[in-house]
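Below, each chain spelled out in residue letters.
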Amino acid sequence: MNRDRLLWLCVATPITAWAAQLLLAYFLASLACFKGIALPVASHLVTVAALIATVGALLVTRRIRSDLGAGGAFLASVSALGAAVLLVGIALGELALLFVRGCA
Amino acid sequence: MRLAADAGVPSLVRGLERVWESAHDEAGWVTTTDHKKIGARYIATAFVFFILGGIEALVMRAQLALPGQALVDPATYDGLFTMHGTTMIFLFATPMLSGFGNYLVPLMIGARDMAFPRLNAFGYWVFVLAGLLMYLSFPASSLPQNGWFAYTPLSGPAYSPESGIDFWSLGLIFLGIATTVGGINFIVTIAKLRAPGMSVDRMPLFVWNILVTAIAMVFAIPSLTVAAALLELDRYIGTHFYDPAGGGNPLLWQHLFWIFGHPDVYIIFMPAAGMVSSILPVFVRRPIVGYPALVLASVLTIAIGFGVWAHHMFAVGLPVQALGFFSAASMLIAIPAGLQMAAWIATIWAGRALWSTAFLFAVGFIVLFLLGGLTGVMLGALPFDWQVTDSYFVVAHFHYVLFGGMVFPLFGAFYYWFPKMSGRLLDERLGVANFVTMFVGFNLAFFPMHIAGMLGMPRRVYTYPGGSALDALNLLSTAGSFLIAVSVVIFIANWAWASRRGHVAGADPWASNTLEWATASPPPVYNFDRIPMVRSRDPLWDKRTPRTASEPADLATSRRQTFGTSPIEARAETYLRMPMDSLAPALAAAALFVLFAGLLLKFLVVVALGAVLVIAAVVLWLWPTREVRGAHLPIDDAPRAIEPGRAPGWWGVALLVGTDATMFVALLASYFYLGFAANASWPPPEIERPKLLMPLIGSALLLGSSAPIAWAERAIARGDRTRLLIGLVVGWLMSAAFLTVQGFEYLQKTFAPQTNAYGSLFFTITSFHGLHVVSALVLVAVLVARGLRGQFSRDRHLAVQNVALWWHFVGGAWVAIFAALYLSAQVLR
């Protein structure tokens, strides 16, 4: 994969991971509350997967940054900072999972 | 760095004027595609809607000034608050910012126009006509009365049988076309038309914010379009999307609406934040602090904004644990918002402030948006939200965010950019009076609403009982709202005076940093006689000798063109051929108006006439005229087409595919949502499981049709016109056969759209896809006609590439539909 495509992948991955965690957590909570199918471990696994994907994107971004032009390097930096903020978001989601329980 | 018209090259300037000038008659007024004229028209029209929405607000506040008044009856009051919200959100805020974007983005990035000038004109005409359609509800005495969010079932046929909500929802679908094409145009313009050297780390922050806003527009509007279309189907033909008795669910509306609605808050806020980021550095005489942080904040705010729609639904009964996630996500937005605040305050702190009116409005924005942001965090906390939901506290919060966060920067922008647009300065003393009255009036109007809400005053009530603290609070709010009106009158007076007698501004009255100030005020029709070469983030503060990009003068004066550059580093790639003025955009918008008016009147003949007119206008638009011929040329002047897939047109179609795919996602998500919410199997027990034979034959035909189309595309890339035509005709026939098979399948169905929610979804999704197939057939028919006239060659076949992309997308969308409607039904049942 060329560096530009890798950069765009690294930009997209953290936000996709965060959004996937949010949507899947919502789906799993609804499944538990409305259909009686509780899959508590699945929610935590989703968090772990989201964290791995985001950290991975962050590390790759750092690695390719020096090979890019000025604009690409800037995007890589912004993407890495964004990944860091979204890591906080994923962690906040996990906290909600751990401490907020119940259906109504 | 100054690039105002160079007196040393009069022949160049005359040549540029000749090719860029619109006709000076009435026809030229309609056909112009000049981004500055279109931007100014957006601004003027949106300001008219601002006045109308403001008058509606004043009537409401007059009604609420004292308890128990009967200035307006409850139904009129409901209509007024619905039209006030609708006007301010859809007809004022978004179009106004689009207007500034239209006017300023090409100037700021050193381009001569937007990427798609005709689409730009089309967007404006659609906006005007959609606003007109919505406001026709006044003379029709049929105001929508359901709030700007139109919750079902209140807006459904059972509780709102009158036509007011139809004006609203059809108007929004119509308006969504303008917003979507505008968003696509901004994205491609910013990605492909930046001056050489303006890499993404040198883009003005206003441009960055317009870019992220445009991305949000393209992917948020489809959800609203789908929601409104399903509502109209419920109302017109008796489908059951939002009707629990038929297996539908009113919460589906809320999900679809707020998936659009929350990003829309940032669609409104982000360009305004970009205005502040433009104004502050100029008036504190230093570069902005934290440029990367501000870019990051813009991108993150928009991205996270898509994930927090459910915080508008905290009180509707979603699982508490799910609400916890959405609450956490809502809190997360405080991080980018805090970054922006910190960067703006640090910029002011580190500089020497020049207290002009524009700067005052920017500082006022920071104060008010901080307060709105704080109450936003409060509302993001579930327990607090449950206490104040649907109270005046929420009204106070969103006015601090939207009025404080958008109108204050907007007025700052008026004072900052009016000299560029008109060549004259607004009066500063009147400006200060404008600011003081607006700041005091705003806080007087909206701060008491926090307390009224905490005391329990609900939203959307036309009166309240007297004898409590609410009396004084409401009187204060009313006084404040009239003070805001005084402020707006001061501004209008200032504008009227300055337009004729204001001090002449010159090219750059503020000693600014961005490229729009490098040309004359008002800018010439061609923007720049020589396209600037950008070497820093603040090009006009750059001490180095200005440079311009190399452009052959004979080429620049023989046709409309601007530079095409690479998306990230802005390396010069092509001289992009820009189209001439055209009547087609206005005709296409008028044809759409006929179609929507027919839908509103439920007059099928008019609908059919509108559809025919739309197709005719599109064909007229796409049909090349003698003036439009001529390729984009590579910078090295080699006689070959630019690399396939790189042209702005291709990117425009790709984004259209993206927005359309979002609509399919919304529809398929609705299918699974209602299936999940159903307390039975899905499809419901009374509906037989879909048979697979006919759909499989149809799928094979449709997916197989991509092969001859791809073959045709490859053939013309080699210059083989015969194989191009053969491929197109074979693909056309296969797709037409698919539609025939689907028609047979419809005839065999034992249920109808009116049977239940499943039937509604099945027929809506498949027929929506069928419309796409029809559109692809029309486009290929146009290609065949053009091919027969020999209009394609090895070097010139971008239209074939674009239609092929659309064709493959239509096939790809069918794969998702087949998997969802046919295959999953075999498993879930």
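Calculation notes
Residues numbered from 1 in each chain as written. Chains lettered and ligands numbered in written order. Predicted model: local features only at pLDDT ≥ 70, side-chain atom pairs only at ≥ 80, totals over all residues. Heavy atoms only, no water. Helix = DSSP H or I, 4+ residues; strand = E, 2+ residues; numbered from the N terminus. Rg over C-alpha atoms; globule rule 2.2 N^0.38 Å. Buried < 20%, exposed > 50% of the residue type's maximum accessible area, 1.4 Å probe, protein only. Contact = heavy atoms within 4.5 Å. Areas by Shrake-Rupley, 256 points an atom, 1.4 Å probe, with all protein chains shown as cover. Axes fitted to C-alpha atoms, helices over the stretch in contact; angles between N-to-C directions. Parallel < 35°, antiparallel > 145°, perpendicular 65-115°, else oblique. Left-handed = near helix turned anticlockwise from the far one by under 90°. Nonpolar A, V, L, I, M, F, W, Y, C, P; charged D, E, K, R; others polar. Disulfide = S-S within 2.5 Å. Salt bridge = Lys/Arg side-chain N within 4 Å of Asp/Glu carboxyl O. Core = buried A, V, L, I, M, F, W, Y, C linked by side-chain atoms within 4.5 Å. Domains from an automatic or database assignment. Buried area = accessible area lost by both parts, 1.4 Å probe. Phe/Tyr/Trp six-rings, centres within 6.5 Å; stacked < 30°, edge-to-face > 60°. Lys NZ or Arg CZ within 6 Å of the ring centre and 35° of its normal.

**Considerations on the overall build of chain A**
- Summing up its helical and strand segments, chain A has three helices and zero strands in all.
- The helix and strand sequence of chain A, counted from the amino end, reads α-α-α.
- By the compact-globule yardstick of 13 Å for 104 residues, chain A is too spread out, its C-alpha radius of gyration being 16 Å.
- Across its three principal axes, chain A shows a C-alpha extent of roughly 50 × 25 × 15 Å.
- For chain A, the residues scored as buried account for 40% of the 104 residues in total.
- Restricting to contacts in chain A with at least 6 residues of sequence separation, those with at least 24 account for 78%.
- Working note: accessible area of chain A is about 5,400 Å², and carbon and sulfur atoms make up 71% of it.

**Describing the packing of helix α23 (residues 757-788) of chain B against helix α24 (residues 798-828) of chain B**
Residue and element names in this part refer to chain B.
- Taken N-terminus to C-terminus, the directions of α23 and α24 make an angle of 160°; their axes are 10 Å apart at the nearest point. As summarised for this structure, α23 and α24 are arranged roughly antiparallel, according to the angle between their axes. Pair α23 / α24 crosses with left-handed handedness.
- Class assignment for the residues of the contact of α23 with α24 results in 21 nonpolar, four polar and one charged.

**Concerning the state of the cysteines**
All names here are of chain A.
- Per the stated rule, a full pass over the model turns up one disulfide over all chains.
- In this model, C33 is linked to C103 through a disulfide, with the two sulfur atoms separated by 2.0 Å. Its torsion about the S-S bond being -90°, the disulfide of C33 and C103 is classed as left-handed. Note that C33 is positioned in helix α1 (residues 3-35) and C103 in the segment after α3 (70-99), a separation of 70 residues in sequence.

**A look at the pattern of salt bridges**
Residue and element names in this part refer to chain B.
- Taken as a whole, this structure holds twelve salt bridges over all chains when the rule is applied.
- Note that R459 is salt-bridged to D390, the shortest N-O span being 3.9 Å. In this pair, R459 is assigned in the loop between α15 (428-454) and α16 (470-501) and D390 in the loop between α13 (382-388) and α14 (392-422), connecting sequence segments 69 residues apart.
- Residues R429 and D427 are paired through a salt bridge, measuring 3.6 Å at the closest nitrogen-oxygen approach.
- Among the charged side chains, a network of salt bridges with common partners joins D166, E232 and R235.

**With respect to the nonpolar core**
All names here are of chain B.
- Counting residues in each nonpolar core, the largest one holds 283 residues, and the members touching the most others are F92, M96, F100, W344, M406 and F411.
- The element that contributes the greatest number of residues to this core is helix α8 (residues 250-284), accounting for 22 residues.
- When residues of this core are sorted by domain, at least three fall in each of domain 1 (10-515) and domain 2 (643-828).
- With residues up to four places along the chain from it excluded, the contact list for M406 reads F92, A93, M96, L97, I268, A272 and V401.

**Focus on the interface of chain B and chain A**
- Taken together, the contact pairs 31 residues of chain B with 37 residues of chain A.
- In total, about 3,000 Å² of surface goes out of reach between chain B and chain A, with carbon and sulfur atoms giving 81% of it.
- Together, Q321, F325 and F676 of chain B form the three largest contributors to the area buried by chain B at its contact with chain A, with a combined 24%.
- On inspection of chain B and its partner chain A, the count reaches zero salt bridges.
- For the side of chain B that touches chain A, the secondary structure elements donating two or more residues are α9 (291-305) and α10 (320-332) of chain B.
- A per-element tally of the side of chain B that touches chain A places α10 of chain B first, with nine residues.
- Its residues assigned to classes, the side of chain B that touches chain A comprises 23 nonpolar, six polar and two charged.

**Focus: the environment of V46 of chain A**
Residue and element names in this part refer to chain A.
- Note on placement: V46 falls in helix α2 (residues 40-65).
- In sequence terms V46 and A20 are 26 residues apart; their C-alpha atoms lie 8.1 Å from each other.
- Ignoring any residue separated from it by four or fewer positions in sequence, one finds V46 in contact with A20, Q21 and L24.

**Let's talk about the packing of aromatic side chains**
- Applying the stated rule across the entire model yields 82 aromatic pairs over all chains.
- Between W168 of chain B and W253 of chain B, the aromatic rings sit 6.3 Å apart at their centres with planes inclined by 50°, giving tilted as the arrangement. Taken together, the positions of W168 of chain B in helix α6 (residues 164-192) and W253 of chain B in helix α8 put the pair 85 residues apart, joining distant regions of the chain.
- Classification of W168 of chain B as buried rests on a relative accessible area of 1%.
- Under the relative-accessibility criterion, W253 of chain B is labelled buried at 0%.
- Across from the ring centre of F676 of chain B, 5.3 Å away, lies the NZ or CZ of K35 of chain A, which sits over that ring.
- Above the plane of the ring of W29 of chain B lies R41 of chain B, whose end atom (NZ or CZ) is 4.0 Å from the centre.

**Focus: the domain arrangement of chain B**
Residues and elements named next belong to chain B.
- Annotation of chain B at the domain level lists domain 1 (10-515) and domain 2 (643-828).
- Relative placement of domain 1 and domain 2: their C-alpha centres are 36 Å apart.
- Listed by partner, the interface residues are 26 residues for domain 1 and 25 residues for domain 2.
- Buried area between domain 1 and domain 2, summed over both chains or domains, comes out near 2,100 Å², and the portion from carbon and sulfur atoms is 75%.
- Taken together, the connections running from domain 1 to domain 2 amount to zero salt bridges.
- Counting only elements with at least two residues in the side of domain 1 that touches domain 2, the list comes to α6, α7 (205-236) and α8.
- Ranked by residues supplied to the side of domain 1 that touches domain 2, first place goes to α7 with seven residues.

**Description of the side chain of H399 of chain B**
- By the secondary structure assignment, H399 of chain B is in helix α14.
- In this structure H399 of chain B touches H84, G404, F442 and F446 of chain B, once residues within four positions along its chain are discounted.

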